Amino acid sequence: MDQSITVGPKLATSLRPSVVTGILDAVERPLIIAECSGRICLTNQRADSFLSALGNDSPADANLFRDVLKVESREILDQIHGGEHEVDLPLQCDPASHSTARARVRWLPEPDWVIVTVEMTPAVTGAEDTQMRQTLEDLLQEREITYRNLLAAYLRLQEVNRQKTVFLASAAHELKTPLAVMKGYYDLLLTGSLGRLSEKQRDILQESRESCERLVRLVSMFLNYSALESGRLVLHLRENDLRDCLGELAARWHDAFARKQVRIETRLSNDLPMFKFDYQKVQQTVANLLDNGLKHTPAGGEVLLAALPYFWERRASSLSPNHERRKLLESVPNCVQISVSDSGTGIAPEHHQEIFEDFVRVDRSSSGMGLGLAISKRLIQAHRGKIWVDSEIGRGCTFHFLLPTDLE
């Protein structure tokens, strides 16, 4: 806390010298009051001790600027008269004491006095310095031990995570073949090749087939997740027709939407170009979004699947300058935007980022593992695209993702 005393002329003349001295001695720091010429007028006990340590046994004979501050008076006064509220400068102390000090110089205009308070930094003894070094070494050693323990814990967690990924992949591979056989038999029965079916039997088989397809998608999701986690994901980029890709997928989902009495609509632009993308991975991404929309849309609602050409400025960031980029490319789409909109309950803005993380489910009452959106995000990023959501509570949600059309 900064402590100083300002004594006006009237107050100084009305107080006895002993009272003024008592007030100055109450200040916890060395305090020196001097005229602008440097002649010292008043000091407290701590200032007397400080001056004695500097070799000035008689404060009245010492000059503030010459003997204490060790600077020219003009150097300080020019700063004060130039508008400086306070001048801070180091002091030269006795080298034998190993202590340091700083002087804070202020100007009292009415009596034209200079007030100096001295801030002392205690000297560190050899024993204290040794103790401080030992404490520092102990802290560094403790930090090193903590770091090694954290590293070991991190490596153990990485191994556990690897084992989990291997387990998921193994389980998914084991389930893939029997599920494919079951799905094949369902398809065979529903075609009537093995005999005529009643309406009741057909409905049961159709519902069982949809459950089997859901398990197939779940297994595929586990396989993709393990491939993504282990860095073994491979994209099969070929020239494909996005309209065919999305149209085929919407047709496969038509019965599932009809059973829940949710209408599915597609709006695929006629201007969609042929470009390189992984047919199966894009279908899986859109299937995850359709499944998400179906789960959260009540009966009587609607899910819209749309695709149109789009200009993504980030894809043209390598071109310069900016006005040339806009002039040449603003009207030339360099990607496609695919959107899946639903009329469900919506997602609060604070969850818009976390829903794309692994095993995150905002709605705990819904089914699923919380992996669909996380896998979709990674698959889109593997295509060098991006995915995001627009949603509000009670107004449904729309998932958008961009696929560049200029992948090499």
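Every value quoted in this text rests on a predicted model; they were computed, and no experiment measured them.

What counts and what doesn't
- Every chain is numbered on its own, with residues counted from 1 as its sequence reads.
- Confidence filtering applies because this is a predicted model: local features only for residues at pLDDT of at least 70, side-chain atom pairs given and counted only at 80 or more, and all residues used for totals across whole chains, interfaces and linings.
- In computing side-chain values, all of the structure's heavy atoms are included and hydrogens and water are not.
- Strands here are runs of E lasting at least two residues and helices are runs of H or I lasting at least four, both read from the DSSP assignment and numbered beginning at the N terminus.
- Buried residues are those whose accessible area, probed at 1.4 Å on protein chains only, stays under 20% of the maximum for their type, while exposed residues exceed 50% and partly exposed ones sit between those limits.
- Contact definition: two residues touch when any of their heavy atoms are within 4.5 Å.
- Surface accessibility follows the Shrake-Rupley procedure with a 1.4 Å probe radius. Residue values consider only the protein chains on display as shielding.
- Here, nonpolar core refers to any group of buried Ala, Val, Leu, Ile, Met, Phe, Trp, Tyr and Cys residues whose side-chain atoms link them within 4.5 Å.
- Here, a salt bridge means any Lys or Arg side-chain nitrogen found within 4 Å of an Asp or Glu carboxyl oxygen.
- Geometry of aromatic contacts follows a simple scheme: Phe, Tyr and Trp rings, the Trp one being its six-membered ring, pair when their centres are within 6.5 Å, and the pair is stacked under 30 degrees between planes, edge-to-face over 60, tilted otherwise.
- In this scheme, Lys NZ or Arg CZ marks a charge over a ring once it lies within 6 Å of the ring centre and within 35 degrees of the ring normal.
- Distance thresholds for patches are 9 Å for like charges and 5 Å for nonpolar side chains (Val, Leu, Ile, Met, Phe, Trp, Tyr), applied to residues having over 30% relative accessible area and no salt bridge.
- A pair of strands is labelled paired if DSSP reports no fewer than 2 bridges between them.
- Axis angles are defined between N-to-C directions and span 0 to 180 degrees, where every axis is a line fitted to C-alpha atoms and, for a helix, only to the segment in contact.
- An arc is given here, and it is the one of the directions from the helix axis to the C-beta atoms.

Draft legend 1. Representation of the overall build of the protein chain. Within the protein chain, the regular secondary structure consists of 11 helices and 12 strands. Looking at the protein chain residue by residue over its 408 residues, the buried ones come to 37%. Restricting to contacts in the protein chain with at least 6 residues of sequence separation, those with at least 24 account for 65%. In the form shown here, the protein chain has an accessible surface area of approximately 24,300 Å², with 52% of it arising from carbon and sulfur atoms.

Draft legend 2. Inspection of the nonpolar core at higher detail. Leu242, Val286, Leu290, Ile338 and Phe399 are the most contacted members of the largest nonpolar core, which has 37 residues in total. Sequence-distant contacts of valine 286, that is, excluding residues within four places in its chain, are made with Leu246, Leu249, Leu305, Ile338, Val340 and Phe401. Grouped together as the second largest cluster of nonpolar side chains are 25 residues, Cys36, Leu51, Leu64 and Ile80 included.

Draft legend 3. Region of interest: the pattern of salt bridges. Using the criterion set out here, one finds 20 salt bridges in the structure. A salt bridge links aspartate 291 to arginine 214; the nearest nitrogen and oxygen atoms lie 2.9 Å apart. Of this pair, aspartate 291 sits in helix H9 (residues 279–296) while arginine 214 is found in helix H7 (residues 199–230), placing the two residues 77 residues apart along the sequence. Judged by its relative accessible area of 32%, arginine 214 falls in the partly exposed class. Residue glutamate 302 pairs with arginine 263 through a salt bridge whose shortest N-O separation is 3.1 Å. Placement of glutamate 302 in strand S9 (residues 302–310) and of arginine 263 in strand S7 (residues 263–268) is noted, with a sequence separation of 39 residues between them. Linked through salt bridges whose partners overlap, the residues forming this network are Arg29, Glu86, Arg104, Arg106 and Glu119.

Draft legend 4. Looking closely at the packing of aromatic side chains. Under the definition given, this model contains 4 aromatic pairs. Measuring from ring centre to ring centre gives 4.8 Å for phenylalanine 275 and phenylalanine 277, while their planes differ by 45°; the resulting arrangement is tilted. Ring geometry for phenylalanine 277 against tyrosine 279: centres 6.5 Å apart, planes inclined by 15°, an arrangement best described as stacked. Through a chain of ring-to-ring contacts, the aromatic side chains of Phe275, Phe277 and Tyr279 assemble into a single cluster. Taking the ring centre of tryptophan 388 as reference, the NZ or CZ of lysine 386 above it sits at 4.9 Å.

Draft legend 5. View of a nonpolar patch on the surface. A cluster of nonpolar side chains, namely Tyr147, Leu151, Tyr154 and Leu155, defines an oily patch on the protein surface of about 440 Å² accessible area. According to the relative accessible area criterion, leucine 151 is partly exposed, its value standing at 39%.

Draft legend 6. Examining the sheet that holds strand S12 (residues 397–404) more closely. Spatially, 5 strands are ordered S7-S9-S10-S12-S11 in an open sheet, and the strand pairing comes out mixed. Sheet topology places S7 and strand S11 (386–391) at the edges, where each strand pairs with a single neighbour. On average, each strand axis in the sheet is tilted by 15° relative to the strand beside it, whichever way the strands run. Relative to S12, strand S10 (residues 335–342) runs antiparallel, the two sharing 8 bridges. Counterpart to valine 336 in the pairing with S12 is leucine 403.

Draft legend 7. Molecular detail of the sheet that holds strand S4 (residues 100–108). What the 5 strands build is an open sheet, ordered S2-S1-S5-S4-S3; its pairing is antiparallel. Across the chains shown, the open sheet's two edge strands, defined by having one partner strand only, are strand S2 (40–43) and strand S3 (87–91). Here the strands of the sheet are splayed against their neighbours by 25° on average, with no regard to which way each runs. As paired elements, S3 and S4 share 5 bridges and run antiparallel to each other. Within S4, the residue paired with leucine 91 across the bridge is alanine 101. Along the sheet face, helix H3 (residues 45–53) touches strand S1 (31–35), S2, S3, S4 and strand S5 (113–121) and points at about 120° away from the line of S2.

Draft legend 8. Quick peek at H3. All buried positions along H3 are accounted for by Ala47, Phe50 and Leu51. The buried residues of H3 all sit within an arc of 100° when viewed along its axis, so they share a single face. Exposed residues on H3 whose side chains face more than 90 degrees from its buried face are Gln45, Ser49 and Ala53. Those residues of H3 that are buried are in contact with S1, S2, helix H4 (64–69), S3, S4 and S5. Once H3 ends, the next one or two residues include glycine 55, with phi positive near 95°.

Draft legend 9. Inspection of the pairing of S1 at higher detail. Within S1, 4 of the 5 residues are buried, leaving the element largely enclosed by the surrounding structure. Sheet analysis places S1 next to S5, joined by 5 bridges and oriented antiparallel. The residue bridging glutamate 35 from the neighbouring strand is tryptophan 113, located in S5. When S1 meets S2, the two strands line up antiparallel, connected through 3 bridges. Residue pairing for S2: isoleucine 32 is matched across the bridge by threonine 43. The antiparallel hairpin formed by S1 and S2 contains 4 residues in its connecting segment, where glycine 38 sits at a positive phi of about 105°.

Draft legend 10. Region of interest: the environment of glutamate 35. Here glutamate 35 shows up in strand S1. Remark: the alpha-carbon pair of glutamate 35 and asparagine 63, spanning 28 residues in sequence, is separated by 9.6 Å. What glutamate 35 contacts, discounting residues up to four positions off in sequence, is Cys41, Phe65, Asp112, Trp113 and Val114.

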